[in-house]
Amino acid sequence: MAYKHIKVPANGEKITVNSDFTLSVPNCPVIPFIEGDGIGVDVTPVMRKVVDAAVAKAYDSKKSIAWMEVYAGEKSVKVYGDDTWLPEETVEAVREYGVSIKGPLTTPTSGGMRSLNVALRQMLDLYVCLRPVRYFKGVPSPVKEPEKVDMVIFRENTEDIYAGVEWEAGSPEVKKLIEFLQKEMGVTKIRFPETSAIGIKPVSVEGSERLIRRAIQYAIDNNRRSVTLVHKGNIMKFTEGGFKKWGYELAKREFGGVEIDGGPWVKLPNGIVIKDVIADAFLQQILLRPAEYDVIATLNLNGDYVSDALAAEVGGIGIAPGANLSNDVAMFEATHGTAPKYAGKDYVNPGSIILSAEMMLRHLGWLEAADLIVKGMDGAIAAKTVTYDFARLMEGATEISCSAFGQAMIDNM
Ligand SMILES: NC(=O)C1=CN([C@@H]2O[C@H](COP(=O)(O)OP(=O)(O)OC[C@H]3O[C@@H](n4cnc5c(N)ncnc54)[C@H](OP(=O)(O)O)[C@@H]3O)[C@@H](O)[C@H]2O)C=CC1
Ligand SMILES: O=C(O)CCC(=O)C(=O)O
Ligand SMILES: [Mg+2]
């Protein structure tokens, strides 16, 4: 496809996805990146520098990444004009090149504009939001034993109330819908029908199963101990309750699980336990008994809350990485947002997008470069040369800038 504003690097080659979804990765793959709004201008260039250094060192400069900038958010409006927040060619390039990385994008809380982050996940059907949460030695934490937190979150990424099916209070549409619910569906429980906004929560068998299947497969492939289905099925019987029910059924049907003591918990032939917990109880248990949880499979909204809460236990969202995955497209992404008050100040922690890039390197099979990034992070933290978020919680730390932290990582590779 001929692009209008995207410049394809001449030195790079495309990654190909094989029929079994494995990747053929050339020595100089083209990787599209979205810089991101707010602190995207700070963290994304630092991420590129750190990744380039790790790749050059790991492979003696025989491999490199051909970065290709694609646009979304405020920068896209500048480049494309016409109020173009998410150009079609960005979505196309992310699809075509298979593996990409993005900084955070702003979503105004009110007003008509919906999240570009959510839009990208939905348009590309990136149905898994994968967010591993683990402790780096020396990172300041508000809990006593942060090393006990070692969880991998599989958050459903395309359904739930994030589908954006909702109507504003007072609109003719909401009036019509409420009338339909009352007259045709016998609904009597809308407390204030005249002034209610209404949101719809679609949760499907297919959507739940494909997410839970990936979580269970991950647990098997990575020798994990358990998969916990986190839901609020006691209140939302058919949506969140469905997620739980379909999860157990899938574990039995596709993975040979058998019920433990009459269920509902299930054990797989290799000993992995499939269990469930109600979301509010989960949020207190991850503080009190984090070692009991391992791989987590959950719906979209729960997963959003849970990922920030767990990130805080191991040092905050400044270092929490993530990936959005379909079967053939992978878009890596920082967990935090645009933190506008810090934008352009070379101040925040670039760790989240750098560790997202570390996941990306593993996805490419470039394990040596990924290991160097972890080594660099470990070294910079051990030397207590850290950004403000860690420095304010660490005794004897030297506070350094976003770019200096990237350099400290490189120096420690
Ligand atoms: N995937 C995405 O692109 C996401 C986008 N967003 C969007 O971002 C915007 C701002 O959202 P908001 O709710 O303020 O959440 P943010 O994650 O942007 O910021 C909340 C707080 O988290 C801390 N923080 C965030 N990033 C870093 C970092 N790199 N290093 C250190 N600390 C960090 C800061 O804490 P402190 O004040 O204590 O220093 C910051 O004030 C919204 O428009 C939202 O929709 C939000 C989440 C994800
Ligand atoms: O898209 C947004 O603005 C927020 C998304 C978010 O919080 C997340 O994906 O963790
Ligand atoms: Mg979030």
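Residue numbering note: each chain is counted from 1, following its sequence as written. Lettering for chains starts from A, numbering for ligands starts from 1, and both go in the order in which the items are written. Local features in this predicted model are restricted to residues of pLDDT 70 or higher, and side-chain atom pairs are both shown and tallied only at a pLDDT of 80 or more, whereas totals for entire chains, interfaces and linings draw on every residue.

Put simply, the test is: UniProt positions are given in the numbering used here, feature names are shortened, and annotations may be inferred rather than shown by experiment.
Under an unreviewed UniProt entry, the name given to the chain is Isocitrate dehydrogenase [NADP], and the organism recorded is Sulfurirhabdus autotrophica. UniProt, in its Subunit (unreviewed entry) section for the chain, records the words "Homodimer." Of the comments in the UniProt record for the chain, the one headed Catalytic activity (unreviewed entry) reads "D-threo-isocitrate + NADP(+) = 2-oxoglutarate + CO2 + NADPH".

**Describing helix H7 (residues 240-255)**
Put simply, the rule reads: Numbering of helices and strands starts at the N terminus; helices are DSSP runs of H or I of at least 4 residues and strands are runs of E of at least 2. The span you would expect from a helix comes to 1.5 Å times its residue count less one. In this scheme the burial state of a residue depends on its C-beta neighbours within 10 Å: 20 or more other such atoms mean buried, 12 or fewer mean exposed, and anything in between means partly exposed; the C-beta positions come from the backbone.
For H7, built from 16 residues, the straight-helix expectation of 22 Å at 1.5 Å per residue is met to within 8% by its first-to-last C-alpha distance of 22 Å. Listed as buried for H7 are Glu240, Phe243, Lys244, Trp246, Gly247, Tyr248, Leu250, Ala251 and Phe255. Count one or two residues on from H7 and you reach Gly256, which has phi positive near 70 degrees.

**Quick word on helix H4 (residues 116-123)**
Operational definition: Starting at the helix axis, one direction is taken to each C-beta atom, and the arc is that of these directions. A pair of residues counts as a contact when their C-beta atoms, built from backbone coordinates, are within 7 Å of each other.
Those residues of H4 that sit buried are Leu116, Asn117, Leu120 and Arg121. Angularly, the buried residues of H4 cover 145 degrees about the axis, an arc narrow enough to put them on a single face. Tucked inside the fold, the buried residues of H4 contact helix H3 (88-97), strand E15 (323-325) and strand E16 (330-333). Just downstream of H4 lies Asp125, where phi reads positive at about 50 degrees.

**Regarding the UniProt feature "site: Critical for catalysis" (unreviewed entry) in the chain**
Per the UniProt record, "site: Critical for catalysis" (unreviewed entry) is found at Tyr162 and Lys232. Tracing the chain through its elements places Tyr162 in the loop between strand E7 (150-156) and strand E8 (166-167). Residue Tyr162 is classed as buried on the basis of its 23 C-beta neighbours within 10 Å. With residues up to four places along the chain from it excluded, the contact list for Tyr162 reads Val118, Asn300 and Leu301. Take Lys232: it is sitting in the loop between strand E10 (226-231) and H7.

**Section: the sheet that holds E7**
We apply this condition: At least two bridges found by DSSP between two strands are what make those strands a pair. Note on method: axes are straight lines fitted to C-alpha atoms, helices fitted across the in-contact stretch only, with angles between N-to-C directions ranging 0 to 180 degrees.
Across the sheet, 12 strands lie side by side as E4-E3-E5-E16-E15-E6-E7-E14-E10-E13-E12-E11; this open sheet has mixed pairing. Lying at the two open borders of the sheet, with one neighbouring strand each, are strand E4 (66-69) and strand E11 (258-259). In terms of strand pairing, strand E5 (residues 99-102) meets E16 through four bridges, oriented parallel. Bridged to Ile101 within E16 is Phe332. Contacts from helix H6 (residues 205-221) reach strand E6 (128-134), E7, E10 and strand E14 (295-298), with the element oriented near 160 degrees to E7.

**Description of the domain arrangement of the chain**
This is how the line gets drawn: In this document the domain limits rely on a domain assignment from an automatic tool or a database.
As assigned here, the chain comprises domain 1 (1-129 + 320-413), domain 2 (142-160 + 203-313) and domain 3 (166-199). Using only C-alpha atoms to locate each centre, domain 2 and domain 3 end up separated by 33 Å.

**Details of the site of ligand 1**
Using the following cut-off: For each residue, a C-beta atom is positioned from the backbone; the residue is called near a molecule or strand if that atom sits within 6 Å of it. Polarity classes work like this: nonpolar for Ala, Val, Leu, Ile, Met, Phe, Trp, Tyr, Cys and Pro, charged for Asp, Glu, Lys and Arg, and polar for all others, with Gly in that last group.
The full set close to ligand 1 counts 19 residues, and Pro104, Gly318, His336, Gly337 and Asn349 are the nearest of them. Grouping the constituent residues of the shell around ligand 1 by class yields seven nonpolar, 10 polar and two charged.

**Focus on the nonpolar core**
How we decide: We call a set of buried Ala, Val, Leu, Ile, Met, Phe, Trp, Tyr and Cys residues a nonpolar core when their C-beta atoms link them within 7 Å.
Core analysis: the largest hydrophobic core is formed by 107 residues, its most contacted members being Val50, Ala54 and Ile296. Ranked by residues supplied to this core, first place goes to helix H1 (residues 40-58) with nine residues. When sequence neighbours within four positions are dropped, the list of residues in contact with Val50 reads Ile354, Ile373, Gly376, Gly406, Met409 and Ile410.

**Quick word on the packing of helix H11 (residues 367-382) against helix H13 (residues 402-411)**
Counted only if it meets this: Any angle between 65 and 115 degrees counts as roughly perpendicular, while under 35 counts as roughly parallel, over 145 as roughly antiparallel, and the rest as oblique. Whether a crossing is left-handed or right-handed is set by the direction in which the near helix is turned from the far one by less than a right angle, anticlockwise for left-handed and clockwise for right-handed.
Viewed as axis vectors pointing N to C, H11 and H13 meet at an angle of 110 degrees, and their least axial separation amounts to 7 Å. Here H13 runs roughly perpendicular to H11, going by the angle between their axes. Handedness of the crossing formed by H11 with H13: right-handed. Contact residues: Gly376, Met377 and Ala380 in H11; Phe405, Ala408, Met409 and Ile410 in H13. A breakdown of the residues in the contact of H11 with H13 according to their chemical character gives six nonpolar, one polar and no charged.

**As for the pairing of strand E3 (residues 30-34)**
Short version of the rule: Handedness rule for crossovers: strands pointing away from the viewer, path from the first strand over the helix to the second running clockwise, crossover right-handed.
Within E3, five of the five residues are buried, leaving the element largely enclosed by the surrounding structure. Going residue by residue along E3, you find Val30, Pro32 and Ile34 tucked away on one face and Ile31 and Phe33 tucked away on the opposite face as well. Bridge count between E3 and E4: four bridges; the pairing is parallel. Paired with Ile31 across the bridge in E4 is Trp67. Handedness of the β-α-β unit built from E3, H1 and E4 comes out right-handed. Bridge analysis of E3 against E5 gives two bridges, and the strand direction is parallel.

**What about the environment of Asn349?**
In this fold, Asn349 is placed in the loop between E16 and helix H10 (351-364). Remark: the alpha-carbon pair of Asn349 and Gly303, spanning 46 residues in sequence, is separated by 23 Å. The contact partners of Asn349, leaving out residues within four places of it in the chain, are Gly318, Ile319, Thr387, Asp389, Phe390 and Phe405.

**Some points on unusual backbone geometry**
Cis geometry marks the peptide bond from Gly263 to Pro264; its omega dihedral reads 0 degrees. Within the secondary structure, Pro264 is located in the loop between E11 and strand E12 (266-267).

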